[in-house]
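Okay, here's what each chain looks like letter by letter:
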Amino acid sequence: MVTLTIDGRTVTVPEGTTILEAAQTLRITIPTLCYLKDINEIAACRICMVEVEGYARLVPSCDSAVAEGMVVYTSSPRVREARRVNLRLLLSQHETKCTKCTRSGNCKLQQLTNDYNLLGDHYIDDLKNIPTDYSNPVVRIENRCVKCMRCIQICDKVQTMGIWDLMGTGTHTTVGVARTRTLGESGCTFCGQCITHCPVGGLQEHDDTGKVFDALADTERITVVQMAPAVRSAWAEYYHLDPKFATAERMVTALKTMGFDYVFDTDFAADLTIMEEGSEFIDRFTHRNKHRWPMFTSCCPGWVRFLKGQFPSYTENLSTAKSPQQMFGAVAKSYFAQKLGVDPHKIFVVSIMPCTAKKAECALPTMRDACGDPDVDVVLTTREIVRMFRGEQINPAVLDETPFDSPLGSGTGAAVIFGATGGVMDAALRSAYYLVTGQNPDPDAFRDVRGMDGWKEAKFDIPGAGPVSVAVASGLLNTRKLMTALERGEVRYDFVEIMACPGGCAGGGGQPIHDGVELAEKRGSVLWNIDKAAPSRFSHENPEVHELYREFMKKPLSDVSHHLLHTDHQAWKMPGQK
């Protein structure tokens, strides 16, 4: 143990503890900008500098270990002036038109600039004349980047993709796409984790709010919106509302207030996905010799892009079932259009998703099966819909609850947990058990696939089918480890669920940003609690899904189902793929 003094207070901490961590045990705040614990501790920003007696120079607290008898000052005049100088240097290369930035009010640099009273003019601006590429779901804006390298570290250490890298030297140093490609030419999965870990607005999702406002104003359009499971656990964080109050039904009211004609629940399509994917798994499982194993879930587009780009030989292992988002769009522009008696080309489908990769998914050429138009017209992230609510002066705290519209608005507990890691597997096993045995299992029988462990394994026995070996992974580092083990023959599974983002959709790249705080587990627990309290916890019990099959699809895996609800993952290519 090491004893030291920080701002006149004595503290004893384990050897190897950084000055920053020692200060935190005393609840002394040292400001940081680039720091992310265990991921980015490189003192790039120099904002966390402190003064240590006996040291000629100030030292960065985030990567300087404590020493016995050390005396530290975290806010001496010398420290304060150094931080102000470093902030001015950052601001000289930063576009300070904060009113144009999606992170205004939630920006670490903006906060520090105000904290240190930097209200006047600073050093001469040194901005770069580099145009912004808006052609991808993830957008990087050069003159907002502070070169903190968080995006590089997240992409390397957490997602193992290596998309971002340092470019240039000296004053010309910047961040760019590795190997001098454009982002669209790279193998980026568009998971958006770089966005949620950027301390400023250097990275953001492609903003599609204008398209939606235009559609809402078009009297010839029938606007249909779907809400993903994970969105309901996070949408009201900006308003500091308890998730128990900020229900999905209150969000329905907000969407209706904005002018949407129909508000539906992606939970309906999640239940539909389980019927198709579960039936597909049973068909494969009972004809093992005709298929490659394991079967992979296919509802996460970031994962699908990862697999096609990194392990392309396994593409045929993906379930052919579309994601719930895309199933919903296809059903809305076929079955629902038919029920309304309208031209499906007049229906404008909007998805509210916790995900940036969904923007790329809806644009795939293979996702326009209902009427030739894209099955989903626009994807909004949770952050985008909150900005729209704010622009429309909608305050969720004063809204009543409104039920989802019918017939695509009902969902079971099994559908809600699609937003948490392990949820798709749990839901699929519940219905697979029923489809084989004709009886419902205990809805909590498959709890071994739950939890925040990055790579989980379990084996369950389904009477009449035998033992089923499954795995669940979230985050692309864990996914890469699992896939490598599969390639080497070290593990064998029947069914595997993968989510590109750590913690699943609850921690998706389109969710609200809370700098330095990971909320996937907390949001996921909201979804598991909704499932636990749901009147039905089995996808095969959804009455509106039954009605869809009875009136339109006939049965899972029917010809109509295959046309509208399934896809060929080989029919489109990743960049550089032959």
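Parameters and conventions
- Residues numbered from 1 in each chain as written.
- Predicted model: local features only at pLDDT ≥ 70, side-chain atom pairs only at ≥ 80, totals over all residues.
- Heavy atoms only, no water.
- Pairing = 2+ DSSP bridges.
- Helix = DSSP H or I, 4+ residues; strand = E, 2+ residues; numbered from the N terminus.
- Right-handed = clockwise from strand over helix to strand, strands pointing away.
- 1 Å grid on protein atoms, 1.4 Å probe; cavity = no way out; pocket = protein on both sides within 12 Å on 5 of 7 lines; lining within 4 Å.
- Points joined across faces, edges and corners; volume = space filled by probe spheres on them.
- Nonpolar A, V, L, I, M, F, W, Y, C, P; charged D, E, K, R; others polar.
- Buried < 20%, exposed > 50% of the residue type's maximum accessible area, 1.4 Å probe, protein only.
- Contact = heavy atoms within 4.5 Å.
- Axes fitted to C-alpha atoms, helices over the stretch in contact; angles between N-to-C directions.
- Lys, Arg positive; Asp, Glu negative; His and termini not counted.
- Salt bridge = Lys/Arg side-chain N within 4 Å of Asp/Glu carboxyl O.
- Phe/Tyr/Trp six-rings, centres within 6.5 Å; stacked < 30°, edge-to-face > 60°.
- Lys NZ or Arg CZ within 6 Å of the ring centre and 35° of its normal.
- Core = buried A, V, L, I, M, F, W, Y, C linked by side-chain atoms within 4.5 Å.

*Asks:* I'd like to hear about the pairing of strand β11 (residues 262-265), residue by residue, with values.
*Replies:* Bridge count between strand β10 (residues 222-227) and β11: 4 bridges; the pairing is parallel. Along β11, the bridge assignment pairs M227 with D265. Of the crossover connections in this fold, the one passing from β10 over helix α7 (residues 248-258) to the parallel β11 is right-handed.

*Asks:* Describe empty space enclosed by the protein, listing the residues and the values that go with them.
*Replies:* If you roll a probe as big as a water molecule over the atoms, it shows you where there is empty space left. By the definition in use, this model includes 4 cavities of 30 Å³ or more. By volume, the largest cavity is sized at about 280 Å³. Residue lining of the largest cavity: 25 residues in total, with C299, P354, K358, F418 and C505 positioned closest to the centre. Contributing elements (two or more residues each) for the lining of the largest cavity: α8 (266-285), α9 (301-310), α10 (324-340) and α11 (357-362). The residue inventory of the lining of the largest cavity, partitioned by class, reads 18 nonpolar, 6 polar and 1 charged. Counted as a void, the second largest cavity has a volume near 130 Å³. As for the second largest cavity, its lining consists of 14 residues, and the residues nearest its centre are P301, V304, E361, L364 and W572. Tallied by class, residues from the lining of the second largest cavity come to 7 nonpolar, 4 polar and 3 charged.

*Asks:* Could you give an account of unusual backbone geometry, with specific residues and numbers?
*Replies:* Peptide bonds are mostly trans, and most non-glycine residues show a negative phi. In this model, W293 is joined to P294 through a cis peptide bond whose omega is 0°. The amide bond that connects S406 to the next residue, P407, takes the cis arrangement and shows omega of 20°. Tracing the backbone shows P407 in the loop between α12 (382-391) and α13 (413-416). A positive phi angle is found at R46, which is not glycine, with a value near 65°. Exposure remark for R46: the relative accessible area of 33% places this residue in the partly exposed category.

*Asks:* Just give me the short version of the sheet that holds strand β2 (residues 9-13), but keep the residues and values in it.
*Replies:* Pairing in this open sheet of 5 strands is mixed, and the strands run β2-β1-β5-β3-β4 from one edge to the other. Each end of this open sheet is capped by a strand with a single partner; those strands are β2 and β4 (59-60). Those strands touched by helix α2 (residues 77-92) are β3 (49-52) and β5 (71-73), and its axis lies near 155° from that of β3.

*Asks:* Would you mind going over the sheet that holds strand β17 (residues 495-499) in detail, with residue names and values included?
*Replies:* Pairing between the strands of a sheet comes from backbone hydrogen bonds, and it takes one of two forms, parallel or antiparallel. Read from one edge to the other, the open sheet built from 4 strands follows the order β12-β17-β16-β15, with strand pairing classed as mixed. Strands with a single pairing partner mark the edges of an open sheet, and in this sheet they are β12 (295-296) and β15 (455-462). As judged from the 8 bridges shared by β15 and strand β16 (residues 466-474), these two strands associate in the antiparallel manner. In the sheet register, K456 faces β16, and the bridge partner there is V472. Each of β15, β16 and β17 touches helix α14 (residues 423-437); the most contacted strand, β17, lies at about 150° to it.

*Asks:* Lay out the pairing of β17 in plain terms, naming residues and giving numbers.
*Replies:* Most of β17 sits inside the fold, with 5 of its 5 residues counted as buried. Alignment of β12 against β17, held across 2 bridges, turns out to be parallel. Directly across from M295, in β17, lies its bridge partner F495. Two elements, β16 and β17, share 5 bridges in a ladder whose sense is parallel.

*Asks:* Before we move on, could you go through the side chain of R83 and cite the residues and values that matter?
*Replies:* Looking at where R83 falls in the secondary structure, it is placed in helix α2. Buried charged residue R83 carries no salt bridge. Nearest counter-charge: D7, at 8.0 Å.

*Asks:* I'd like a description of the packing of aromatic side chains, backed by residues and values.
*Replies:* The geometry of an aromatic ring pair is captured by two quantities: the separation of the ring centres and the angle between the planes. Summed over all chains, the structure comprises 16 aromatic pairs. Each ring, one from Y262 and one from F336, has its centre 5.0 Å from the other, and the planes form 85°; the classification is edge-to-face. Taken together, the residues Y262 in strand β11 and F336 in helix α10 connect sequence positions 74 residues apart. Centre to centre, the rings of F296 and W303 are 5.2 Å apart; their planes meet at 80°, and the pair counts as edge-to-face. A residue is classified by how much of its surface remains accessible, and W303, at 0% relative accessible area, is buried. Each residue in the set F296, W303, F306, F311 and Y314 is aromatic and connected to the rest through ring pairs, giving one cluster. Above the face of the W572 ring, K308 is positioned so that its terminal group lies 4.6 Å from the ring centre.

*Asks:* Talk me through the nonpolar core; I want residue IDs and the actual numbers.
*Replies:* In this structure, W164, L255, W303, I385 and F389 are the most contacted members of the largest nonpolar core, which totals 156 residues. Sequence-distant contacts of W303, defined by excluding residues within four places in its chain, comprise F296, T297, L318, T479, M483, I498 and A500. Core analysis: the second largest hydrophobic core is formed by 22 residues, I19, Y35, V52 and V59 among them.

*Asks:* Got a sec to walk through the pattern of salt bridges? Specific residues and values, please.
*Replies:* All told, the structure shown has 35 salt bridges when counted by the stated rule. Here D377 makes a salt bridge to K333, at a shortest N to O gap of 2.9 Å. Taken together, the residues D377 in the loop between α11 and β14 (378-381) and K333 in helix α10 connect sequence positions 44 residues apart. Look at D377 and you get partly exposed, because its relative accessible area is 22%. For K333, a relative accessible area of 1% gives the class buried. We note a salt bridge from E551 to K339, for which the minimum N-O separation is 3.1 Å. With a gap of 212 residues between them, E551 in helix α17 (residues 543-553) and K339 in helix α10 connect regions that are remote in the sequence. Using a relative accessible area of 39% as the deciding quantity, one classes E551 as partly exposed. Its relative accessible area of 42% is what places K339 among the partly exposed residues. Among the charged side chains, a network of salt bridges with common partners joins D426, R430, D444, R450, D531 and R537.

*Asks:* So what's going on with the environment of V468? Residues and values would help.
*Replies:* By the element assignment, V468 lies in strand β16. When the C-alpha atoms of V468 and T10 are compared, they prove to be 56 Å apart, with 458 residues separating the residues in sequence. With residues up to four places along the chain from it excluded, the contact list for V468 reads F281, F285, A458, K459, F460, I462 and D494.

*Asks:* Pulling in residues and values, what's your account of helix α3 (residues 108-115)?
*Replies:* The set of residues buried in α3 consists of K108, L109, Q110, L112 and T113. Looking one or two places after α3, you find N117, whose phi comes out positive at around 55°.

Just geometry here; none of it tells us what the structure is for.
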